[in-house]
Amino acid sequence: MSQFRLDASIRVEGSHSREIADIVEHEWRTAHPQSPVVTRQIGIDPVPATAWATAVKATFVPADDRSPEQLQALALATAEADQLIEAEALLFAVPLYNFGVSQHFKTWVDLVICDPRMRSGVEPATAGKQAVLVTVRGGSYAAGTPREGWDHATAWMRRILTDVWKLDLKVVESEFTLAGVNPAFERFKDLAQQIRAAAEQTAHTHGRNLAGTIRV
Ligand SMILES: Cc1cc2nc3c(=O)[nH]c(=O)nc-3n(C[C@H](O)[C@H](O)[C@H](O)COP(=O)(O)O)c2cc1C
């Protein structure tokens, strides 16, 4: 029994997504002190950008004719997929970058989908697994805000994790993480603290659900 945790933040210190995901992980460790947590730091140890295209092309080449680079890319897809498939509980921590999905998360997802057990259109090997997605945003894209609709990451991540990989997904969201950093958001500092506190509470709840100590 193990938990798989993926972090896509490009920083380690001061990372909101890591701190909130730490709460989820803590609930797992408390409930399962003997169980390992397998970590994948794709924000600081990314999948090579060329791996996906190489792996895709390899699938059109007879197995015996594949180049060493193609074999290496397919082996990497298998290894990344194995980490997901072998874990009982999955935790993803992914910030919003440039109004879209983290390039490191997209590259990793694309490569995992190259694995025949995880591709779109088949019953994925992860079907029914419990998962938590922690996602954070520097600004706010809530209904009625000037940039409502500019977050092009969260909906995509939900589609992949819920509909393609068929995970039983819970989502923890925090916004205005740049309040107190970006002067334009100075007046939203109190609101940002409230949003963060609510996210931490939700992280505890979803962490316990992921650990199997409660059902929500
Ligand atoms: C290069 C870069 C681009 C960013 N783009 C956005 C953005 O488009 N929208 C937004 O709300 N926040 C954006 N942010 C802010 C991050 O989402 C925010 O700082 C978040 O807290 C980062 O996650 P972390 O705290 O886990 O590192 C960006 C940050 C960086 C470094």
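An account of the accompanying structure is given in this report. (Residues numbered from 1 in each chain as written. Predicted model: local features only at pLDDT ≥ 70, side-chain atom pairs only at ≥ 80, totals over all residues. Heavy atoms only, no water.)

1. Details of the environment of Asp-110
Line of reasoning, step 1. One can find Asp-110 in helix α4 (residues 103-113).
Line of reasoning, step 2. Between the C-alpha atom of Asp-110 and that of Trp-52, which follows or precedes it by 58 residues, the distance is 6.4 Å. (Helix = DSSP H or I, 4+ residues; strand = E, 2+ residues; numbered from the N terminus.)

2. Things to note about the pairing of strand β2 (residues 37-41)
Line of reasoning, step 1. In the sheet, strand β1 (residues 3-7) pairs with β2 via five bridges, with the strands oriented parallel. Bridged to Leu-6 within β2 is Arg-40. (Pairing = 2+ DSSP bridges.)

3. Quick word on the packing of α4 against helix α5 (residues 154-164)
Line of reasoning, step 1. Orientation of α4 relative to α5, taken along the N-to-C sense of each, is 25 degrees, at an axis distance of 12 Å. Regarding the angle of α4 to α5, the classification is roughly parallel. You can see that α4 and α5 cross each other, and the crossing is left-handed. On α5, the residues that touch Phe-105, Lys-106, Val-109 and Ile-113 of α4 are Trp-156, Met-157, Ile-160, Leu-161 and Val-164.
Line of reasoning, step 2. Counted by class, the contact of α4 with α5 contains eight nonpolar, no polar and one charged residues. (Axes fitted to C-alpha atoms, helices over the stretch in contact; angles between N-to-C directions. Parallel < 35°, antiparallel > 145°, perpendicular 65-115°, else oblique. Left-handed = near helix turned anticlockwise from the far one by under 90°. Contact = heavy atoms within 4.5 Å. Nonpolar A, V, L, I, M, F, W, Y, C, P; charged D, E, K, R; others polar.)

4. Here we look at the pattern of salt bridges
Line of reasoning, step 1. In this structure the tally under the stated criterion is 20 salt bridges.
Line of reasoning, step 2. Residue Asp-45 pairs with Arg-40 through a salt bridge whose shortest N-O separation is 3.7 Å.
Line of reasoning, step 3. Among the residues examined, Arg-40 registers a relative accessible area of 10% and is labelled buried.
Line of reasoning, step 4. As a salt-bridge pair, Asp-82 and Arg-117 come within 2.9 Å of each other at their nearest N and O atoms. With Asp-82 in helix α3 (residues 68-86) and Arg-117 in the loop between α4 and β5 (130-136), this residue pair connects regions lying 35 residues apart in the sequence.
Line of reasoning, step 5. Residue class for Asp-82 comes out partly exposed when judged on its relative accessible area of 23%.
Line of reasoning, step 6. Several salt bridges share partner residues, and in doing so they unite Arg-5, Asp-7, Asp-22, Glu-25 and Arg-29 into one network. (Salt bridge = Lys/Arg side-chain N within 4 Å of Asp/Glu carboxyl O. Buried < 20%, exposed > 50% of the residue type's maximum accessible area, 1.4 Å probe, protein only.)

5. Examining the site of the ligand
Line of reasoning, step 1. In the vicinity of the ligand, 18 residues are found, and the nearest of them are Ser-9, Ser-15, Ser-17, Phe-99 and Tyr-141.
Line of reasoning, step 2. A distance of 2.7 Å separates an oxygen atom of the ligand from a polar atom in the side chain of Ser-9.
Line of reasoning, step 3. One of the side-chain N or O atoms of Thr-177 is found 2.7 Å from an oxygen atom in the ligand.
Line of reasoning, step 4. The protein chains hide 79% of the 630 Å² of surface that the ligand would expose on its own.
Line of reasoning, step 5. Among the secondary structure elements, those contributing two or more residues to the shell around the ligand are α1 (16-31) and β3 (89-97). (Near = heavy atom within 4 Å. Polar contact = N/O pair within 3.5 Å; in protein donor to acceptor, adjacent residues only side chain to side chain. Areas by Shrake-Rupley, 256 points an atom, 1.4 Å probe, with all protein chains shown as cover.)

6. Focus: unusual backbone geometry
Line of reasoning, step 1. Here the phi dihedral of Phe-99 falls at roughly 65 degrees; this positive angle occurs in a residue that is not glycine.
Line of reasoning, step 2. Within the element layout of this structure, Phe-99 appears in the loop between β3 and β4 (100-101).
Line of reasoning, step 3. On the basis of relative accessibility, which here comes to 29%, the residue Phe-99 falls in the partly exposed class.

7. Some thoughts on the packing of aromatic side chains
Line of reasoning, step 1. For the coordinates displayed, the defined rule picks out 12 aromatic pairs.
Line of reasoning, step 2. An angle of 80 degrees between the planes, with centres 5.8 Å apart, marks the rings of Trp-108 and Trp-165 as edge-to-face. With a gap of 57 residues between them, Trp-108 in helix α4 and Trp-165 in the loop between α5 and β6 (168-174) connect regions that are remote in the sequence.
Line of reasoning, step 3. Centroid distance Phe-176 to Phe-188: 4.5 Å. Interplanar angle 15 degrees. Geometry classified as stacked. Residue Phe-176 is located in the loop between β6 and α6 (189-211), and its partner Phe-188 is located in the loop between β6 and α6; the two are separated by 12 residues in the primary sequence.
Line of reasoning, step 4. Among the residues examined, Phe-176 registers a relative accessible area of 7% and is labelled buried.
Line of reasoning, step 5. Judged by relative accessible area, Phe-188 falls into the partly exposed class, the value being 22%.
Line of reasoning, step 6. Each member of the aromatic cluster is reached from another via a ring pair, and the members are Phe-4, Phe-92, Phe-105, Trp-108, Trp-156 and Trp-165. (Phe/Tyr/Trp six-rings, centres within 6.5 Å; stacked < 30°, edge-to-face > 60°.)

8. Things to note about α1
Line of reasoning, step 1. Taking 1.5 Å per residue as the helical rise, α1 with its 16 residues ought to reach 22 Å, and the 23 Å between its terminal C-alpha atoms agrees with that figure.
Line of reasoning, step 2. Taken together, the buried positions of α1 are Ser-17, Arg-18, Ile-20, Ala-21, Ile-23, Val-24, Glu-25, Glu-27 and Trp-28.
Line of reasoning, step 3. Buried residues along α1 sit in contact with β1, β2, β3, β5, β6 and α6. (Expected span 1.5 Å × (residues − 1).)

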